[in-house]
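Each chain, letter by letter, is given below.
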Amino acid sequence: MRFFIGIFSALFFLLTFSMIPALALSAEEVLVIANRNAAKSQGLAAWYMEKRQIPKENLLLVFVTDKETCSRDAYLQKIVPPVRRALEKNQKINAIVTMYGIPLKISSPGMTKGEQARMDLLAAQKKKLDLLKEKNGQLTEEQKKALNQVNNTIKQFKMSTDKVASLDSELMLVKKEKYTLNFWLPNPFFLPWRFQKTAIAKSEVIMVSRLDGADAGVVQRIVNDSIEAEARGLSGAVYFDARWKDPGQKEVSGYGLYDKSIHNAAGRLKKEGLKVVLDDKQDLFQPGQCPNAALYCGWYSLANYVDAFTWEKGAVGFHIASAECATLKSKNSNVWCKKMLDNGIAATVGPVGEPYVQSFPLPEIFFDVLAQGNLTLAESYLVSLPYLSWKQVLIGDPLYRVKIKNPPS
């Protein structure tokens with residue numbers, strides 16, 4: 001599976017979107033997980049379930065650390081077994097909500113013996129070449145080439161053995177007994193791959209969304225705003241913050257692909273009659289430039305939220321940058337997920353560590369299917385997310401169904 005997805009034509013996506021099944025996630029299909037060991041977790045879960053009329057028997061209580069990070073062993077021993085039992089007991093469940101108090105991320109268990117042996121060998125090769133450079137003052141062209149190659153191999157090997165994960169992303173594969181814990185795994189529900197064979201079957205994937213934030217009040221506001229926006233419609237403007245001009249039909253990948261996808265998302269929603277503001281300059285939106293924001297996607301300001309927005313109730317958006325969901329609790333943090341939630345957004349997406357750009361939901365898919373209103377927040381995330389067993393987190397009410405109110409003509 002290629003890491004960099006080619007951009008498809010608007011016609012392809014239009015035809016593909018029309019083939020999306022109406023998954024119609026309902027309250028009866030939601031399992032809510034709360035932490036007995038975390039203050040307010042169980043109470044918030046009960047409150048949310050009453051708000052959304054989720055059956056009381058769909059509550060699962062676990063006992064795990066109340067910190068934002070848990071060990072891999074704690075996840076495997078204290079969360080996975082009870083979740084699997086709950087899913088076996090109620091096979092109607094199609095989505096999981098991790099409540100305030102459930103850890104946000106899973107720490108790395110470290111390298112296996114085989115991986116460590118490989119890293120030691122690479123380190124020895126690098127050390128040998130570094131000593132040659134130190135002794136002779138320079139390297140031959142052949143030695144320079146060898147040093148560059150070993151440095152690149154070490155970098156790629158470290159990437160491939162990165163096992164710090166979003167708890168929610170791992171939980172999306174809780175039904176699968178065994179899978180390789182090594183980098184990411186392609187999501188079979190990702191629309192561009194829907195007709196390709198992947199290592200993970202669709203039956204092995206479950207939707208996961210998180211109701212979390214700096215405090216319990218943020219969680220209650222997320223839910224209340226989502227329900228209110230469903231009732232009256234989500235109004236306001238749509239803001240997209242690209243960095244470059246639209247490349248048109250030019251083939252792009254990596255950063256260019258996601259920048260192009262932001263352009264595509266803006267074009268699609270504009271055709272739907274929404275008020276769309278697209279900035280394609282290097283600078284980000286500045287304070288005060290994004291009033292009445294309903295939807296947002298942009299990049300790149302690393303762990304430095306720019307307070308350009310006044311968020312409409314029910315607003316959804318995410319910022320493409322590294323580790324923007326590394327914490328939701330730290331008071332001194334300026335990461336985008338935390339600050340957007342603090343300032344009034346109802347749903348957002350972000351990674352708990354270095355995710356690499358191609359692991360973010362593809363903006364043109366996520367925002368298009370979300371704005372159509374046929375799929376819930378969790379379903380829109382599912383079909384736009386390229387990889388599982390990785391870093392990304394969806395924060396918001398999974399049952400939230402966006403109903404856009406077109407601006408007056």
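Structure shown above.
Since the structure is predicted, the reported quantities are computational estimates derived from the model, not experimental observations.

Calculation rules
Residues numbered from 1 in each chain as written. Predicted model: local features only at pLDDT ≥ 70, side-chain atom pairs only at ≥ 80, totals over all residues. Heavy atoms only, no water. Helix = DSSP H or I, 4+ residues; strand = E, 2+ residues; numbered from the N terminus. Expected span 1.5 Å × (residues − 1). Contact = heavy atoms within 4.5 Å. Salt bridge = Lys/Arg side-chain N within 4 Å of Asp/Glu carboxyl O. Buried < 20%, exposed > 50% of the residue type's maximum accessible area, 1.4 Å probe, protein only. Axes fitted to C-alpha atoms, helices over the stretch in contact; angles between N-to-C directions. Parallel < 35°, antiparallel > 145°, perpendicular 65-115°, else oblique. Pairing = 2+ DSSP bridges. Right-handed = clockwise from strand over helix to strand, strands pointing away.

A. View of helix α7 (residues 216-232). With 17 residues, α7 should reach 24 Å at 1.5 Å per residue; the first-to-last C-alpha distance of 25 Å fits that figure. Here the buried face of α7 lies against α2 (41-52), β4 (95-99), β8 (207-211), β12 (309-319), α9 (336-342) and β15 (392-395).

B. Molecular detail of the pattern of salt bridges. Overall, the coordinates contain 17 salt bridges when judged by the stated rule. The salt bridge partner of R52 is D397, with a shortest N-O separation of 2.7 Å. Of this pair, R52 sits in helix α2 while D397 sits in the segment after β15, and the two are 345 residues apart along the sequence. We classify R52 as buried; its relative accessible area is 13%. Residue classification places D397 among the buried positions, given a relative accessible area of 0%. For the salt bridge of E228 with K313, the shortest nitrogen-to-oxygen distance reads 3.3 Å. Pair noted here: E228 is in helix α7 and K313 is in strand β12, with a separation of 85 residues, a long-range link. Owing to a relative accessible area of 32%, E228 belongs among the partly exposed residues under this scheme. When salt bridges that share partners are traced, they join D168, R210, D212 and K329 into one network.

C. Main features of the packing of α2 against α7. For the pair α2 and α7, interaxial distance at closest approach is 11 Å and the crossing angle is 5°. With respect to each other, α2 and α7 are oriented roughly parallel. Within the contact between the two elements, α2 uses L44, W47, Y48, K51 and R52 and α7 uses A216, V219, Q220, V223, N224, S226, I227 and E230.

D. Up close: the pairing of strand β9 (residues 237-241). The buried fraction of β9 is high, at five of five residues. Residues A237, Y239 and D241 point to one face of β9 and V238 and F240 to the other, with burial holding for every one of them. Of the strand pairs in this sheet, β9 and strand β11 (residues 290-298) are connected by five bridges, and their pairing is parallel. Bridge pairing in β11 places Y239 opposite Y296. You can see the chain leave β9, run along helix α8 (residues 255-271) and come back into strand β10 (residues 276-279), and the turn it takes is right-handed.

E. The pairing of β15, seen in detail. Across the two faces of β15 the burial is the same, with Q392 and L394 and V393 and I395 all buried. By the bridge criterion, four bridges tie strand β13 (residues 348-351) to β15 in an arrangement that is antiparallel. Pairing of T348 across the sheet is with I395, part of β15.

F. View of the sheet that holds β10. Across the sheet, which stays open at both edges, the four strands sit in the order β10-β9-β11-β12 with parallel pairing between neighbours. Two strands bound the open sheet, and with one partner strand each, they are β10 and β12. In this sheet, neighbouring strand axes are inclined to one another by 25° on average, regardless of whether the strands run parallel or antiparallel.

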